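# Structural description and commentary
Here is what each chain is made of, one letter per residue.
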Amino acid sequence: HNYYVKKIKKSKAGIEVICSNTISNKSFYTKKLVLGCGTLVSTKLILEYLNVKKEVKLNHHPRLFSLFFLKKSWSNNMIFQPSQNHIKLKKKNDLFTVDLRPGNKLIINSIIKFKKIMLPFKFFLNFFRSNMLFVNTFLHPKFGDLYLKLDNNNRMNVYSKNKNNEQFFNKISKMIYKFLRKQNKIFPFIKNYFPGYGADFHYFGTIPINGKGKLSVTENCQLTKDKNIYIIDNSVFNFKKNKYPIGLTLANARRIAEDLS
């Protein structure tokens, strides 16, 4: 239909799902509704459905991108190369996780898509991609600084309270740099890029399983205030050490699907 879910509300038939294609609206009616729209959208729909206007903490893992230049190429034959190593502190290892990935075509294409000014250098970047080491540094959710709230017209506002993590990121980056230099793996160059809050994709925990109040779901992922609405995305999880949640999210979605089938 090429429609997206705009709003949900109660009706005599059960639940009305109001959809839009930006030109016109169309309503669908169902007795049970399963939302897997992603944390932002699912939370927005539920906040409006329950008429909740309070501020909601949007859990996430702030991240820093870093680029190192390898002395020896890190070759692979895959279009997409997953992370090869994780680095953590021996003590307090929940503060951050560092994810190391060798350069590949997918990463290069993503850089060019994001920074179109790099397009003339595409051949050069691909030629040296096996000598590039791309690093993601993910912080513990306690460093997160995003909040979600609906205004009086039910428009979603996502905002930061300007928590300063860049200094901490720089400290970690220097630690990784020193470690790789000590291993004689890299040249003495580094390029860091902090994309700002909201630039990651690991949003979660806004409507947790067995949480308190209206914004919670049961162990079967049913909304506490309406057992006919199921939520199966990251909204229901409160990750602490799991920085890569997609596997658990998919497994949980399959669990709920089997219960409903």
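Each chain has its residues counted from 1, following the order in which its sequence is written. For a predicted model such as this one, the threshold for reporting local features is a pLDDT of at least 70, and the threshold for listing and counting side-chain atom pairs is 80 or more; totals across whole chains, interfaces and linings nevertheless cover every residue. Hydrogens are left out, water is left out, and the side-chain values use all remaining heavy atoms of the structure.

### Side note on unusual backbone geometry
As a reminder, the rule being used: Each helix is a run of DSSP H or I of at least 4 residues and each strand a run of E of at least 2, with the numbering of both proceeding from the N terminus.
With phi around 75°, T22 is a residue other than glycine that occupies positive phi space. If you trace the backbone, T22 turns up in the loop between β2 (14–20) and β3 (25–30). You will see that N51, though not glycine, has its phi angle at about 60°, which is positive. Relative to the elements of secondary structure, N51 occurs in the loop between α1 (39–50) and β5 (56–57).

### Notes on the pairing of strand β11 (residues 156–159)
For clarity, the threshold we go by: Strands pair, by our definition, only if DSSP identifies at least two bridges between them.
Judged from the 4 bridges that link them, strand β10 (residues 147–150) and β11 form a sheet pairing that is antiparallel. Directly across from L150, in β11, lies its bridge partner M156.

### A few points about the pattern of salt bridges
Rule in force here: We define a salt bridge as a side-chain nitrogen of Lys or Arg found within 4 Å of a carboxyl oxygen belonging to Asp or Glu. Burial here depends on accessible area, computed with a 1.4 Å probe over protein chains only, as a share of the maximum for the residue type. Under 20% is buried, over 50% is exposed, and the range in between is partly exposed.
Taken as a whole, this structure holds 7 salt bridges when the rule is applied. For E48, the salt bridge identified is with K7, shortest N-O distance 3.9 Å. Here K7 lies in strand β1 (residues 4–11) and E48 lies in helix α1, a separation of 41 residues in the sequence. Here E55 ties to K161 by a salt bridge, and the two come within 3.2 Å at their closest N and O atoms. Of this pair, E55 sits in the loop between α1 and β5 while K161 sits in the loop between β11 and α4 (166–182), and the two are 106 residues apart along the sequence. On the basis of relative accessibility, which here comes to 32%, the residue E55 falls in the partly exposed class. Taking relative accessible area as the criterion, K161 reaches 47% and is therefore assigned partly exposed.

### Focus: the packing of aromatic side chains
Test applied: Only Phe, Tyr and Trp rings take part, Trp by its six-membered ring, and two of them pair if their centres are within 6.5 Å. Stacked means planes under 30 degrees apart, edge-to-face means over 60, and tilted covers everything else. Counting as a charge over the ring demands two things of the Lys NZ or Arg CZ atom: a distance within 6 Å of the ring centre and an angle within 35 degrees of the ring normal.
Scanning the model with the defined rule gives 10 aromatic pairs in all. Their ring planes at 80° and their centres at 5.0 Å tell us that F127 and F128 sit as a pair that is edge-to-face. With 6.1 Å between their ring centres and 20° between their planes, Y147 and Y159 make a pair best called stacked. Taken together, the positions of Y147 in strand β10 and Y159 in strand β11 put the pair 12 residues apart, joining distant regions of the chain. The class for Y147 is buried, based on a relative accessible area of 15%. Exposure remark for Y159: the relative accessible area of 25% places this residue in the partly exposed category. Through successive ring pairs, a cluster of aromatic residues spans F123, F124, F127 and F128. Geometry around Y147 places K57 over its ring, the cationic atom sitting 5.5 Å from the centre. In this structure, K161 packs its charged tip against the face of Y147, placed 4.3 Å from the ring centre.

### Describing the confidence of the model for the protein chain
The condition that has to hold: As a per-residue measure, pLDDT reflects the predictor's confidence and takes values from 0 up to 100.
Confidence in the prediction for the protein chain averages 89 pLDDT; 93% of positions are at 70 or higher. For the protein chain, strand β7 (residues 85–87) is the element with the lowest average pLDDT, namely 74, and strand β13 (residues 222–223) is the one with the highest, namely 98.

### A closer look at the nonpolar core
The cut-off we apply is this: In plain words, nonpolar cores are sets of buried Ala, Val, Leu, Ile, Met, Phe, Trp, Tyr and Cys residues tied together by side-chain atoms within 4.5 Å. Contacts are assigned to residue pairs with any non-hydrogen atoms lying within 4.5 Å of each other.
Counting residues in hydrophobic clusters, the biggest one holds 30 residues, and the most contacted among them are I8, I46, L223 and I229. Taken together, the elements giving at least two residues each to this core come down to β2, β4 (33–35), α1, β10, β14 (226–231) and α5 (246–260). The element best represented in this core is α1, accounting for 5 residues. Among all residues touching I229, those that are not within four sequence positions of it are I8, I15, L33, L35, I46, Y49, C221, Q222 and L223. Residues L64, V98, L139 and L180 belong to the second largest nonpolar core, which totals 18 residues.

### Thoughts on α5
What counts here: Residue count minus one, scaled by 1.5 Å, sets the expected span of a helix. Note that the arc is computed from the directions linking the helix axis to the C-beta atoms.
With 15 residues, α5 should reach 21 Å at 1.5 Å per residue; the first-to-last C-alpha distance of 21 Å fits that figure. For α5, every residue scored as buried is listed here: T249, N252, A253 and I256. Here the buried residues of α5 occupy an arc of 100° about the axis, which is enough to place them on one side. Away from its buried face, by an angle of more than 90 degrees, α5 presents the exposed residues L250 and R254. The elements touched by buried residues of α5 are β14.

### Here we look at the sheet that holds strand β9 (residues 132–139)
For sheets, the rule is that strands pair by backbone hydrogen bonds, running either parallel or antiparallel. Inclusion rule: Helix axes are fitted to C-alpha atoms over the stretch in contact, other axes to C-alpha atoms as well, and angles between N-to-C directions run from 0 to 180 degrees.
If you trace the 5 strands from one edge of the open sheet to the other, you get β7-β8-β9-β6-β12, paired in antiparallel fashion. In the strand order of this sheet, the two ends are held by β7 and β12 (186–193), each with one partner. Each adjacent strand pair in this sheet contributes to an overall mean axis angle of 25°, direction not counted. The pairing of strand β6 (residues 63–70) with β12 spans 5 bridges and is antiparallel.

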